[in-house]
Amino acid sequence: MPSSWLKQPLLALNRATGHTSSENHITKAHLGDTDALGRETDKMHLRAVYDKQMKRESITEGRRSQQAKRKEDEQAAREREPPQIRSSYGTLTDEDEGLPPSLPLGQLSSRHVGETVEFNARLHHVRPVSARLAFVLLRQQVETVQGVLQVREGVVSEQFVRWAEHLNAECLMHIRGVVKEPPDPIKTCSIRDLEIAIDSMHVLVTVDDPIPIDVYNIEQVAEDEDSHEIQLLASNRVRVANRLIFLRAPVMQGVFRIRSGICSIFRSSLEEQGFIEIQTPKLQPAATESGAEVFKVNYFGRTAFLAQSPQLAKQMAISADFGRVFEIGPVFRAENSNTHRHLTEYTGLDLEMAIAKDYHETMDVIDEMLKAIFKGIYARYRKDLDIIKARFPHEDLVWLENTPRLTFKEAIQLLNASGQANGDGKLASENEDLGTQAEIRLGQLVKEKYKTDYFIVDKFPASARPFYTHLDPNDDSVTNSFDIFLRGQEIVTGGQRINDPRALAKRMKKAEVSVDSMEEYMQAFIWGAPPHAGCGIGLERVLFLLLNLGDIRNASLFPRDTKSLPEKKCDHSDTLPYPEADTIRYTFNGEHNHIHLPDLEKLIANYGDATNTAWLDERFKVWRDTDTGAAVGFAEENGYALIMGDPLCDSRQYPAVVGAFLRHLKKAADLRPIWVLASAQVEDILGAKLGWRTLTCVAEERIDTQNASTVTKKERQAKNAEIKIHETALGEAVPEDVRERCDRRIADWKEGRRGRKQIHITEVRPWVSGAYRRYVWAEDKGGEVVGLVVLHRLSPAHGYQIKFALDFPGAPSGSIEALISRAVQSLTAAGVRSVTFGAGAADELAIGSNLRGVRARLLRRTYGAVAQQLRLSAKSDFRDKFGVRHDPVYICYPSMGLGVSGARTLIKFFEDEM
């Protein structure tokens, strides 16, 4: 890239500020009140951060130390045991092959009384009674059994009992013991009339640290004082936050067995009636129902949507003469509803079928299928239902052989006759959909009148249905559609679809749905689709209402709602890859001298951005702050300190470190500072607090790895050229022969650029700091290295820098793009969320702080003309292929601190005669 991209605007800056030569620097630069930075209040805040971190670490370390000492004591005591007892408890090592034999607890019966059995189970709970007796609850999925660990001569010792009491819940155990009948039924276990007298007990899989809440505690219940209902003690927030533990609970094991059963019966019932199962795409070109309830996704630079239902694809399958189809699959709704009955992703049970005369044919199929599900669940899963009722009390569902069918108008009349009113005190309308409270009240009224929890409401108003719903031929204010209700809430929405393309286009236009965006869908009807109807059923909604689970999240394996997938906030103490290079820790607990300062490379990995990696070059000096352990990189040129990037330290320490460094320059080095490629946070310190002048014509060019754009055409060209790509893991050494071949190609690359002026802030030295780098290189079919990408590890917030991306002479087209793409993909797979190319020229110059008036306007216009004329953003254009975002970085200088000599110094520093 020609050096003019930086040279011309800097010269323009000098003309604007009025300096013509270095002789004008008689007046010293005004650095501002650097003493005010890093006030005592800031230090007190950081002290509180440090104390909190140390307290947390102390508690953790104390607990681990206590656990380690207890284990040592237990091991020592165990070594003193007689061999027979010593071998009967402990932890099995990796040397033991496979898991020992295990009896399913569900098979235990009275015929086993007196027999010795062996089984594997989770340690559910240990209840110590005395030094000689403990009750050990053991769990296999829904089954729990009580083990009795009691001191017996030559079999169980007091040390054995003590060892068991200290085990953490959820360890996977192997138990051997004798089946006995307990004196009284065991209320805390699913197996109440049997217990195990434990002879031996071994840990198969350890849980080293106590779990915040274990299965035993997460499913404990209590009676509500007001409602007298049995409720789980653990809140829904706790159950979601500790989802894996809650899923292990017998109650949830039962819930998901029944969920599986619903899907199985749904599938078999429809297959018996001639339906076939399909799988429809979940990426759609347009919203199918409501644009306000749809998730947009980036689809190779175009906008796509997550399917709100498989509705359109189901209808197209009917147009393709599939006759009868069904699907079990995910549905996405971007409804911002934080209620107990809404999810943003749920599982839909959908069906669609051609009809001969009337859509009630479909209603009959759905009705019979749902009643088959109810019958099947109560016949097959009685034991699971009893377990669930202990935690979520409810009565069995009541339904009739002939399901009550009300029209929407009849339902409204029933509601209004009862005096049911909405929040505004108005009665229900025949032209508006039912609200949640109205649905629940209607369910109560139907239960009183018809003695059923299950009923159908037909002929919904057109205003409450999507554009594709068929209108009633005798009354276009209502539709041939219906809802099915369970315990007073809707579980099914169904009806006849429009199959006339003209009528469909008219309804789409009225609903403000673009016909052009749904060309494929419309084609299905233009080419002729038979009359058809279908429905969508929310699986979680059915399960939640059938089992009275209280919250729909209890019916979902890993529930997704508006609060799911929160943005992860970086915690200072938890995210640093090198805690020994923690500058806050060093500030309050370090040896404040130049001998024991945190390592520079580790500081880059803890706090660094792309510019900081340049400090590893010999032409940079690195100032170290002995108070904080922080580092600032700069180069001395012509009486100036060219400071590059942000300080390496916790960002909360920036003010103090910037102030200390500037005072050092003023007192010890007598250098004029020009701060280059500073972040917005450092620019605020220099501009707002110290009064420096700031501007930006450069941006850090980052890739969000989850949204990186593809370069398919270039990758295909590289593949066609039979390019082979190799890579190393972080810190893995590149084979010596590959390094030698790369070095030769780097020499070729440099030779090809001889005589051309380049802008750079770092030398091409790929092998330095190898422990913090990853390497990706490409070879052609002859084994020649044709490209090299070097990735340098940065802070967790910034991920990695594409430090070098070298496209060697003669490389096949697409080689470098394929290399970069592969590098980004590998980092994405490793969980890295951000990659940066480093800084690139911006199209426009933006004024920051303390530059205004004619000077600012002239500078902006001059840079704009130069940028356009010299195509300063050419390198950025290449990087834009990968979907970069641009984070501005700043050039900052104190009043009277730049001038012509400063501009020339910058140009000379960045310019390299190759």
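Reference entry: report on the structure contained in this document. Worth saying up front: this structure is predicted, and the values here are computed from it rather than measured.

For the rest of this paragraph, the subject is the overall build of the protein chain. Check the secondary structure of the protein chain and you find 27 helices and 34 strands. Every one of the 914 residues in the protein chain was classed for burial, and the buried ones make up 51%. Across the protein chain, contacts joining residues at least 24 apart in sequence account for 73% of those joining residues at least 6 apart. Entry remark: accessible area of the protein chain is about 42,800 Å², with carbon and sulfur atoms responsible for 48%.

Further remarks concern unusual backbone geometry. Although it is not a glycine, E722 adopts a positive phi angle of roughly 65 degrees. For E722, a relative accessible area of 47% translates into the label partly exposed.

With that settled, consider the sheet that holds strand β11 (residues 296-299). In space, the 3 strands of this open sheet follow the order β10-β12-β11, with antiparallel pairing throughout. Because the sheet does not close on itself, it has two edges, and the strands there are β10 (283-284) and β11. Both β10 and strand β12 (residues 302-306) contribute to a ladder of 2 bridges, which runs antiparallel. When the sheet's bridge partners are listed, L283 is paired in β12 with L306.

Checked against the element boundaries, V835 lands in strand β32 (residues 834-847). Separated by 41 residues in sequence, V835 and L794 place their C-alpha atoms 9.1 Å apart. Apart from the residues lying within four places of it in its own chain, the contact partners of V835 are E701, R702, I703, T705, H798, Y800, I802 and L827.

Attention shifts here to the packing of helix α20 (residues 654-669) against helix α21 (residues 680-689). For the pair α20 and α21, the least separation of the axes is 10 Å and the interaxial angle reads 60 degrees. The pairing of α20 with α21 is recorded here as oblique in orientation. Note on packing geometry: the crossing formed by α20 with α21 is right-handed. Contact residues: α20 offers Y654, P655, V658 and L662, while α21 offers Q681, V682, I685, L686 and K689. Among the residues forming the contact of α20 with α21, the class breakdown is 7 nonpolar, 1 polar and 1 charged.

Quick look at the pattern of salt bridges now. All chains considered together, the criterion is met by 48 salt bridges. K69 is the salt-bridge partner of D73, the closest N and O atoms lying 3.1 Å from each other. In this pair, D73 and K69 are both assigned in helix α2 (residues 40-79), 4 residues apart and thus about one turn of the helix distant. Taking the shortest distance from any N to any O, the salt bridge between R879 and E701 comes out at 2.7 Å. Pair noted here: R879 is in helix α26 (residues 874-880) and E701 is in strand β26 (residues 693-704), with a separation of 178 residues, a long-range link. Taken together, the salt bridges that share partners define one network made up of D364, D367, E368, K371 and R405.

It is worth spelling out the sheet that holds strand β23 (residues 631-637) at this point. Read from one edge of the open sheet, 11 strands run β22-β23-β24-β25-β33-β26-β32-β31-β30-β29-β27, paired in mixed fashion. Each edge of the open sheet carries a strand with a single partner, namely β22 (621-624) and β27 (724-727). Each neighbouring strand pair of the sheet contributes to a mean axis angle of 30 degrees, computed without reference to strand direction. Where β27 lies against strand β29 (residues 773-779), 4 bridges are found, and the strand directions are antiparallel. Directly across from I725, in β29, lies its bridge partner A778.

Right, let's get into the side chain of T280. With respect to the helices, strands and loops of the structure, T280 is situated in the loop between β9 (276-277) and β10. For T280, a relative accessible area of 9% corresponds to the buried category. Engagement of the side chain of T280 in a polar contact is seen with the side chain of K282, the distance being 3.0 Å. Non-local contacts of T280, meaning those with residues more than four positions away in its chain, are made with P310, A313 and E327.

Let us now look at a nonpolar patch on the surface. Taken together, the side chains of L283, Y299 and F300 define a hydrophobic patch exposed on the protein surface, amounting to about 300 Å² of accessible area. Summarising the element assignment, Y299 is placed in strand β11.

Mapped onto the secondary structure, T60 falls in helix α2. According to the relative accessible area criterion, T60 is partly exposed, its value standing at 23%. Along the sequence, T60 and D209 sit 149 residues apart, while their C-alpha atoms lie 9.9 Å from each other.

What follows covers the nonpolar core. Membership of the largest hydrophobic core comes to 62 residues, with the highest contact counts inside it found for I262 and L370. If you tally residues by element for this core, the top one is helix α8 (residues 250-271), at 10 residues. With 32 residues, the next largest nonpolar core counts L123, V126, V136 and L194 among its residues.

Packed helix pairs are specified by the crossing angle of their axes together with the interaxial distance, meaning the distance between the axes. At a closest axis distance of 8 Å, the pairing of α8 and helix α11 (residues 382-391) adopts a crossing angle of 130 degrees. The angle between α8 and α11 falls in the class oblique. The handedness of the crossing between α8 and α11 comes out as left-handed. Listed contacts from α11 to P250, V251, G254, V255, R257 and I258 of α8 are D384, L385, I387, I388 and R391. Among the residues making up the contact of α8 with α11, the classes are represented as 7 nonpolar, 1 polar and 3 charged.

So, on to the pairing of β32. Bridging between β26 and β32 involves 8 bridges; their strand directions are antiparallel. Each residue of the ladder has a partner; that of T696, found in β32, is A846. Bridge analysis of strand β31 (residues 800-807) against β32 gives 2 bridges, and the strand direction is parallel. By the bridge assignment, Q801 is partnered in β32 with T836. One crossover worth recording links β31 to the parallel β32 by way of helix α24 (residues 815-829), and it is right-handed.

Glancing now at the packing of aromatic side chains. Taken as a whole, this structure holds 20 aromatic pairs when the rule is applied. Relative to W399, the ring of Y378 has its centre 6.1 Å away and its plane inclined at 25 degrees; by these criteria the two rings are stacked. You can see Y378 sitting in helix α10 (residues 360-380) and its partner W399 sitting in the loop between α11 and β15 (405-407), a full 21 residues away along the chain. Looking at Y378, the relative accessible area reads 12%, which means it is buried. Taking 5.9 Å as the distance between ring centres and 50 degrees as the angle between the ring planes, the aromatic pair formed by F837 and F882 counts as tilted. Taken together, the residues F837 in strand β32 and F882 in the loop between α26 and β33 (885-893) connect sequence positions 45 residues apart.

Conventions adopted
Residues numbered from 1 in each chain as written. Predicted model: local features only at pLDDT ≥ 70, side-chain atom pairs only at ≥ 80, totals over all residues. Heavy atoms only, no water. Helix = DSSP H or I, 4+ residues; strand = E, 2+ residues; numbered from the N terminus. Buried < 20%, exposed > 50% of the residue type's maximum accessible area, 1.4 Å probe, protein only. Contact = heavy atoms within 4.5 Å. Areas by Shrake-Rupley, 256 points an atom, 1.4 Å probe, with all protein chains shown as cover. Pairing = 2+ DSSP bridges. Axes fitted to C-alpha atoms, helices over the stretch in contact; angles between N-to-C directions. Parallel < 35°, antiparallel > 145°, perpendicular 65-115°, else oblique. Left-handed = near helix turned anticlockwise from the far one by under 90°. Nonpolar A, V, L, I, M, F, W, Y, C, P; charged D, E, K, R; others polar. Salt bridge = Lys/Arg side-chain N within 4 Å of Asp/Glu carboxyl O. Polar contact = N/O pair within 3.5 Å; in protein donor to acceptor, adjacent residues only side chain to side chain. Patch = residues over 30% accessible without salt bridge, like charges linked within 9 Å, V, L, I, M, F, W, Y side chains within 5 Å. Core = buried A, V, L, I, M, F, W, Y, C linked by side-chain atoms within 4.5 Å. Right-handed = clockwise from strand over helix to strand, strands pointing away. Phe/Tyr/Trp six-rings, centres within 6.5 Å; stacked < 30°, edge-to-face > 60°.

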